[in-house]
Amino acid sequence: MKIEQSFDVAHPADAVWRALSDVGLVARCMPGAELTGEENGTHTGRIKVKLGPIAAAFSGKATVTLDDAAREGVVEGSGTDGGSGSRASARLTYSVQATGDTASHVAIDSEIKLAGALAQFGRSGIVKDVARQLTEAFADNLHATLSAAEQEAPAPPVTQEIHGFQLIISVILRRIEAAFRRLFGRGAPEG
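Every value quoted in this text rests on a predicted model; they were computed, and no experiment measured them. Sequence order as written defines residue numbering, which begins from 1 separately in each chain. Per-residue local features are limited, in this predicted model, to residues with pLDDT of at least 70; the limit for side-chain atom pairs, both in listing and counting, is 80 or more; totals at the level of whole chains, interfaces and linings are taken over all residues. With hydrogens and water set aside, each side-chain value is computed from the structure's full complement of heavy atoms.

A few points about the overall build of the protein
Thinking step 1. Only DSSP runs of H or I covering at least 4 residues are called helices, and only runs of E covering at least 2 are called strands; the numbering of each starts at the N terminus. If you tally the helices and strands in the protein, you get five helices and seven strands.
Thinking step 2. Listed by position from the N terminus, the elements making up the protein come as β-α-α-β-β-β-β-β-β-α-α-α.
Thinking step 3. A burial count over the protein gives 34% of its 191 residues as buried.
Thinking step 4. Here, two residues are considered to be in contact whenever any of their heavy atoms come within 4.5 Å of each other. Across the protein, every contact between residues at least 6 apart in sequence was considered, and the portion connecting residues at least 24 apart equals 55%.
Thinking step 5. Only the protein chains shown count as covering a residue, and every accessible area follows the Shrake-Rupley method with a 1.4 Å probe. Accessible surface, the protein as shown: approximately 11,300 Å² in total, 55% of it carbon and sulfur. The cut-offs for exposure are 20% and 50% of the maximum accessible area for each residue type, with area from a 1.4 Å probe on protein chains only; residues under the lower value are buried, those over the upper are exposed, and the others partly exposed.

Quick word on the nonpolar core
Thinking step 1. Counting residues in each nonpolar core, the largest one holds 17 residues, and the members touching the most others are F7, V9, V16, L20, V96, V106 and L142.
Thinking step 2. If you list the elements that add at least two residues to this core, you get β1 (2-9), α1 (13-20), α2 (23-29), β6 (87-100), β7 (103-115) and α4 (126-150).
Thinking step 3. What V16 contacts, discounting residues up to four positions off in sequence, is V9, H11, V96, S104, V106, L142 and L146. Working definition of a nonpolar core: buried Ala, Val, Leu, Ile, Met, Phe, Trp, Tyr and Cys residues. They are joined through side-chain atoms within 4.5 Å.

Quick word on α4
Thinking step 1. To estimate the expected span of a helix, count its residues, drop one, and scale the result by 1.5 Å. Given a rise of 1.5 Å per residue, 25 residues ought to cover 36 Å, and the 36 Å separating the end C-alpha atoms of α4 matches this to within 8%.
Thinking step 2. Two residues or fewer after α4 comes E152, characterised by a positive phi angle close to 55°.

A few points about the environment of D81
Thinking step 1. Inspection of the secondary structure puts D81 in strand β5 (residues 72-81).
Thinking step 2. The exposure class of D81 is buried, given its relative accessible area of 4%.
Thinking step 3. On a C-alpha basis, the gap between D81 and F58 in space is 4.3 Å, while along the polypeptide they are 23 residues apart.
Thinking step 4. Distance and chemistry together define a polar contact, namely a pair of N or O atoms within 3.5 Å, with one atom able to donate a hydrogen and the other to accept it when in protein, and with adjacent residues in sequence counting only for side-chain atoms on both sides. Side chain to side chain, D81 and S84 meet in a polar contact 2.7 Å long.

A look at unusual backbone geometry
Thinking step 1. One non-glycine residue, N40, adopts positive backbone phi at about 55°.
Thinking step 2. Turning to its location among the elements, N40 is positioned in the loop between β2 (33-39) and β3 (42-51).
Thinking step 3. For N40, a relative accessible area of 75% puts it in the exposed group.
Thinking step 4. Although it is not a glycine, R71 sits at a positive phi angle of roughly 55°.
Thinking step 5. Topologically, R71 is positioned in the loop between β4 (54-67) and β5.
Thinking step 6. Among the residues examined, R71 registers a relative accessible area of 22% and is labelled partly exposed.

Brief notes about the packing of α1 against α4
Thinking step 1. Angles shown run from 0 to 180 degrees and are taken between the N-to-C directions of axes, each axis being a line fitted to C-alpha atoms and, for helices, limited to the stretch in contact. Two elements in contact, α1 and α4, have axes whose closest approach is 11 Å; the angle formed by their N-to-C orientations is 110°. With respect to α4, the element α1 is oriented roughly perpendicular. Note that α1 runs across α4; the crossing there is right-handed. Contacts between α1 and α4 involve A15, V16, A19 and L20 from the former and F138, L142 and L146 from the latter.
Thinking step 2. A breakdown of the residues in the contact of α1 with α4 according to their chemical character gives seven nonpolar, no polar and no charged. Angular relationships are summarised with four words: roughly parallel below 35 degrees, roughly antiparallel beyond 145, roughly perpendicular across 65 to 115, and oblique for the angles in between. Working rule for handedness: look at the near helix, and if it is turned counterclockwise from the far one by less than a right angle, call the crossing left-handed; if clockwise, right-handed. We call Asp, Glu, Lys and Arg charged. Ala, Val, Leu, Ile, Met, Phe, Trp, Tyr, Cys and Pro are nonpolar, and the rest, Gly among them, are polar.

Remarks on the confidence of the model for the protein
Thinking step 1. Per-residue confidence for the protein gives a mean pLDDT of 82, with 79% of residues at or over 70.
Thinking step 2. Note: pLDDT gives the predictor's confidence per residue, expressed from 0 to 100. Looking at the elements of the protein, mean pLDDT is at its lowest for helix α5 (residues 164-184), recorded as 64, and at its highest for α1, recorded as 95.

Description of the packing of aromatic side chains
Note on aromatic pairs: each is described by the distance of the centres and the angle between the planes.
Thinking step 1. Each pair of aromatic rings taken from Phe, Tyr and Trp, with Trp reduced to its six-membered ring, is defined by centres within 6.5 Å and is described as stacked if the planes are under 30 degrees apart, edge-to-face if over 60, and tilted in the remaining cases. One pass over the structure, following the stated rule, counts two aromatic pairs.
Thinking step 2. Plain terms: the ring middles of W17 and Y94 are 6.0 Å apart, the flat faces sit at 35° to each other, and that makes the pair tilted. A residue pair is termed long-range when its members are at least 10 positions apart, and W17 in helix α1 and Y94 in strand β6 qualify at 77 residues.

Description of the pairing of β1
Successive side chains on a regular strand alternate, one facing one side of the sheet and the next facing the other.
Thinking step 1. Burial along β1 is one-sided: the face carrying I3, Q5, F7 and V9 is buried and the face carrying K2, E4, S6 and D8 is not.
Thinking step 2. Sheet topology places β1 next to β7; eight bridges connect them, and they run antiparallel. The partner of E4 across the bridge, within β7, is D109. In this description, strands pair whenever DSSP reports at least two bridges between them.

Here it is in structure tokens:
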């Protein structure tokens, strides 16, 4: 499944790129993620996501390839959820572009493959909703971390988990909004 996302950050592109080049900082900003080690360019870690009564805790490995001149990166990883035996693999490419002296745009394209019990969620669109929620929380955490660094303040606590209830409500609201857009059309006159 392909997922394309993007977000804007109110910080210079070079600062955003330096932050996204720091695997430890990226893991600290990603809700539910934990970096557990690194050897010869391969990073090991875990990520936990809860969706109501379903909790997945993937453990796995990833490699990161960076192109500093183009401000582009590629992450390739795979992992297994110990509880369900589900497997996931992903190839994620991202780029940082300046949109002004103090603003940046981050574009993310990912190809995700799920196998096992959790693969059924890929067909329902829930994986895309979870990815959107994780990306929004990551962007907020990244902004807060970069703002603290500019002010030479201690890094703020970051959202460390996406809670199932919060995610379910967000998914329901987005689906209702999409249904209204389809029903009434995007360009319907206000009245």
